[in-house]
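One letter stands for each residue in the lines below.
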Amino acid sequence: MINKMLICVFCLFTLSSFSQKTKSHIIKLLPNKDAPVESVDFYVSEVIDNRIYKDNIGIAQKGVFNKKVLSKFNNTFEDEILNYMNSVFPIDASKQPIVLRINQLLISENTGAFKETGKATISLDVLNKINNDYYLLGSFSAYREKNSADVTGKHDDRIREILVDCMLQYQDDEKANSNNNPRLVSLKSSQKPVILESQINKGFFNTFHELYNNNSFMDPSIKFKENNQSDKLFLEDRNHKRALYYAYYDGEAVFLNASSYSGEKYFVRTEVIDRFLLFNDAFVYQDEAIGMSMAFGVLGILASNKKSHVLLDLYTGQFHLLKENKIKVLLRNYQNLYETYKDNRNDTSNMKRILETLFNNENKVNLRDKLRSL
């Protein structure tokens, strides 16, 4: 019995020591082993990091225990991608310089009984810079998945592949390359979200930045199914541009693309409350723990059926999860509101009325700080 206890203690100590020493997984896109692609009429002159969460590019699994750790590039995000793109599509003064605005780039690993699966996904915009203005030439996405005994060492290959995929899509996209009137997009933000200062423009928003600036556009190719769920919009083609558009305004409410926080393939209805958009959905939160990166949610690995109220801060683009125990603390001086909440926990309209009451009764600045810290 004592021997068994000693073995267990030793195993736990070994696991704990290993976990403490495990560092981030570093990914290098250079040196590039592939030959340059000469049969294109462009080169990349600039990379813009438009991701909301910039501290990592997803999850890798390290060591014999497959410990989940955050992954990062060897250099800055922009430099790593720009240097690689210039190695694949060499700078040539006779070709068109383009700018890449990367909205999402994530990797992950999933360990099964007999294999590991490595995944990578990306969505980006191709822009044309004229003087200090940027014009949208097209939006593209790519995905790679590969099974093997050990996928950690091949994340760099998958990232290279999805980057090249998007560039070849751009090259082959006749609509993007023959567009004589590309849409002007703003990379600058006003001091306050325009969406809160004026009537929201109907249509789609490519990224949070466009939502912030109330810079929408119409896409007649997107069709939504008829359904009985007033809080969700489902695409007729579930894969059609689902990862490219951040939000949609139908003239009554803003719908957020669930693929940005859970990997699901629909748009969820939100309610405006103060400086936030409120919605209720299954949500994978990045800051739960190191292994609970947004990468898991976006790639559909840890999507949960448990719903929560979530706030999107329209000033920062950050999500704030209203956990059950935190809501109880928030409403501890409002027992009647807490009872109202318990009667219909997942109803967005109910939660909106509760928050409106709080904003009418408390200092707004202090309440915002509370909501962001929940």
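Our structure's up above, just so we're on the same page.
Residues numbered from 1 in each chain as written. Predicted model: local features only at pLDDT ≥ 70, side-chain atom pairs only at ≥ 80, totals over all residues. Heavy atoms only, no water.

## A closer look at the packing of helix H2 (residues 77-88) against helix H3 (residues 155-172)
- Relative orientation of the contacting elements H2 and H3 amounts to 65°, with a least axis distance of 11 Å. Like other packed secondary-structure pairs, H2 and H3 cross with a definite hand, here right-handed. Here Ile81, Tyr84, Met85 and Val88 of H2 lie close against H3, whose contacting residues are Arg160, Leu163, Val164 and Met167.
- In terms of residue class, the contact of H2 with H3 is built from seven nonpolar, no polar and one charged. (Axes fitted to C-alpha atoms, helices over the stretch in contact; angles between N-to-C directions. Helix = DSSP H or I, 4+ residues; strand = E, 2+ residues; numbered from the N terminus. Left-handed = near helix turned anticlockwise from the far one by under 90°. Contact = heavy atoms within 4.5 Å. Nonpolar A, V, L, I, M, F, W, Y, C, P; charged D, E, K, R; others polar.)

## Re the sheet that holds strand S17 (residues 319-322)
- In space, the four strands of this open sheet follow the order S14-S15-S16-S17, with antiparallel pairing throughout. Of all the strands in the sheet, the pair left with one neighbour each is strand S14 (271-273) and S17. Strand-to-strand twist across the sheet, computed as the mean angle between neighbouring axes with direction ignored, equals 35°.
- Of the strand pairs in this sheet, S14 and strand S15 (residues 276-282) are connected by three bridges, and their pairing is antiparallel. Following the sheet pairing, Glu271 is matched in S15 by Leu278.
- Packed onto the sheet, helix H10 (residues 348-361) meets S14, S15, strand S16 (307-313) and S17 and runs at close to 10° relative to S14. (Pairing = 2+ DSSP bridges.)

## Section: the packing of aromatic side chains
- Inspection of every chain in the model, using the stated rule, returns 18 aromatic pairs.
- Taken together, a centroid distance of 6.2 Å and an interplanar angle of 75° make the contact between Phe208 and Tyr246 edge-to-face. Pair noted here: Phe208 is in helix H6 (residues 208-212) and Tyr246 is in the loop between strand S10 (232-233) and strand S11 (247-249), with a separation of 38 residues, a long-range link.
- Among the aromatic side chains, those forming a connected cluster through ring pairs are Phe204, Phe217, Phe224, Tyr245, Tyr248 and Phe267.
- The aromatic ring of Tyr266 is capped on one face by Lys232, whose charged end is 5.2 Å from the ring centroid.
- Positioned over the ring face of Tyr315 is Arg275, at 3.9 Å from the centre of the ring. (Phe/Tyr/Trp six-rings, centres within 6.5 Å; stacked < 30°, edge-to-face > 60°. Lys NZ or Arg CZ within 6 Å of the ring centre and 35° of its normal.)

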